[in-house]
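In case you want the letters, here they are:
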Amino acid sequence: MSNFDFLQAEWPLVHEAAHRAEACAHSDSRAACFYARRSLELAVTWLYTHDKAFKLPYQDNLNALIYEPSFRAGVGDALFTKARLIKDLGNQAVHSTKKVAAADAVSATRELFHFSYWLARTYGRSGRPEPGLSFKTEQLPKPAVPMPVSLSPIIPLLTVHEL
C-alpha cells in the first residue's frame, strides 16, 4: 500500500517517481528528495501541458515554472510553498555534499503527497482520491535490517604457504 496509489491510473510517471520517493524516505534521504522533486517536476509539466491557464514562462525549468505568476495563482500560496520546498530539498540532495536529513526526506514526501492529492482531486477523470485522504507516515517502508556478518568464513581462506 502506498500513499500515492491514487496517481497510478492517470499519472503513471508521477506515481512511479512518487512511489520511489516514498520507498526511500527512511533508507536513502538523498534519493527520496531527488525522486520527490522529479515527481513534482513531472506533475508541474503535466499542468502546463493540460491547463491553458498556466502560461509558460521564459524557461521551462522547474524553478521558472513554479515562480510563474499564473502557476502561483492557479495552485494558491500553500501549494506554491510546498512545491518550492520540494524543489529546494531536491536541488540540495543533488547538488550539495551535505548530509540530507531523514526528516527532510519525510517532509519532501509528505509535501509531494499534498501537491499530488490536489492534482488528482482537481484534474482526475476516473480515480479521484477520497476527500480527506491524508498522508500516513506509517506507510513509509522501514529500512531493511541488515543481515549480520559472520566473522567465520564459510570456506577456509588459503594461507600464503598454501598458494
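A short tour of the structure in this document, coming up. Think of each chain on its own: its residues are numbered from 1, step by step along the sequence as written. Per-residue local features are limited, in this predicted model, to residues with pLDDT of at least 70; the limit for side-chain atom pairs, both in listing and counting, is 80 or more; totals at the level of whole chains, interfaces and linings are taken over all residues. Note that water and hydrogens are dropped before the side-chain values are worked out from all heavy atoms of the structure.

**Quick word on the environment of Ser 39**
Filter applied, for reference: Each helix corresponds to a stretch of at least 4 residues labelled H or I by DSSP, and each strand to a stretch of at least 2 residues labelled E; elements are numbered beginning at the N terminus. Residue contacts follow a heavy-atom distance rule, with two residues in contact if any of their heavy atoms lie within 4.5 Å.
Position of Ser 39 relative to the elements: it lies in helix H2 (residues 29–50). Setting aside its immediate chain neighbours within four residues, Ser 39 contacts Val 14, Ala 17, Ala 18 and Leu 112.

**Re the packing of helix H4 (residues 69–95) against helix H5 (residues 102–123)**
Heads up, the condition is: With axes taken as lines fitted to C-alpha atoms, and helix axes fitted only over the stretch in contact, angles between N-to-C directions fall between 0 and 180 degrees. The scheme is simple: roughly parallel for angles under 35 degrees, roughly antiparallel for over 145, roughly perpendicular for 65 to 115, oblique for anything else. If you view the pair so one helix is near and one far, a crossing is left-handed when the near helix is turned anticlockwise from the far one by less than a right angle, and right-handed when it is turned clockwise. Only Asp, Glu, Lys and Arg are considered charged, only Ala, Val, Leu, Ile, Met, Phe, Trp, Tyr, Cys and Pro nonpolar, and every remaining residue, Gly among them, polar.
In contact at an axis separation of 8 Å, H4 and H5 are set at 155° when each is read in the N-to-C sense. Comparing their axes, H5 and H4 come out roughly antiparallel. Crossing angle aside, the handedness with which H4 passes H5 is left-handed. Here Phe 71, Gly 74, Val 75, Leu 79, Lys 82, Ala 83, Leu 85, Ile 86 and Leu 89 of H4 come into contact with H5, specifically with Asp 104, Ala 108, Glu 111, Leu 112, His 114, Phe 115 and Trp 118. Here the contact of H4 with H5 is built from residues that sort into 11 nonpolar, two polar and three charged.

**Examining the nonpolar core**
This is how it is decided: What makes a nonpolar core is a set of buried Ala, Val, Leu, Ile, Met, Phe, Trp, Tyr and Cys residues whose side-chain atoms join them at distances within 4.5 Å. For each residue, the accessible area found with a 1.4 Å probe, counting protein chains only, is set against the maximum for its type, and the residue is called buried under 20%, exposed over 50%, and partly exposed in between.
Membership of the largest hydrophobic core comes to 45 residues, with the highest contact counts inside it found for Leu 40, Val 44, Leu 47, Phe 71, Val 75, Phe 115 and Trp 118. Those elements that place two or more of their residues in this core are helix H1 (12–24), H2, helix H3 (62–67), H4 and H5. For this core, the leading source of residues is H5, giving 11 residues. Sequence-distant contacts of Leu 40, defined by excluding residues within four places in its chain, comprise Leu 62, Ala 83, Ile 86, Lys 87, Leu 112 and Phe 115.

**A closer look at the packing of H1 against H2**
Axis separation between H1 and H2 bottoms out at 7 Å; the angle between their running directions is 160°. By the angle class used here, H1 and H2 are roughly antiparallel. The chirality of how H1 crosses H2 is left-handed. Taking contact as the criterion, the partners of Leu 13, Val 14, Ala 17, Ala 18, Arg 20, Ala 21 and Cys 24 in H1 are, on H2, Ser 29, Ala 31, Ala 32, Tyr 35, Ala 36, Arg 38, Ser 39, Leu 42 and Ala 43. Grouping the amino acids of the contact of H1 with H2 by side-chain chemistry returns 12 nonpolar, two polar and two charged.

**Regarding the pattern of salt bridges**
The condition that has to hold: A side-chain nitrogen of Lys or Arg and a carboxyl oxygen of Asp or Glu constitute a salt bridge if their distance falls within 4 Å.
Per the counting criterion, the structure on display carries six salt bridges. Across the salt bridge formed by Arg 72 and Asp 77, the nearest N and O atoms sit 3.3 Å from each other. By relative accessible area, Arg 72 is classed as partly exposed at 38%. Residue classification places Asp 77 among the exposed positions, given a relative accessible area of 52%. In this structure, the salt-bridge partner of Arg 110 is Glu 111, at a minimum N-O distance of 3.6 Å. Bridged by salt links that share partners, the residues Lys 82, Arg 110 and Glu 111 form one connected network.

**Structural notes on the packing of aromatic side chains**
So the rule is basically this: We call Phe, Tyr and Trp rings a pair once their centres come within 6.5 Å, taking the six-membered ring for Trp, and we label the pair stacked below 30 degrees between planes, edge-to-face above 60, and tilted otherwise.
For the coordinates displayed, the defined rule picks out 15 aromatic pairs. An angle of 85° between the planes, with centres 6.4 Å apart, marks the rings of Phe 6 and Tyr 117 as edge-to-face. Taken as a pair, Phe 6 in the segment before H1 and Tyr 117 in helix H5 lie far apart in primary sequence, 111 residues in all. According to the relative accessible area criterion, Phe 6 is buried, its value standing at 13%. Judged by relative accessible area, which is 17%, Tyr 117 ranks as buried. Ring centres of Phe 34 and Tyr 35 lie 4.9 Å apart, and the angle between their planes is 75°; this geometry places the pair in the edge-to-face category. Clustering of aromatic rings is evident, with ring pairs tying together Trp 11, Trp 46, Tyr 48, Phe 54, Phe 71, Phe 115, Trp 118 and Tyr 123.

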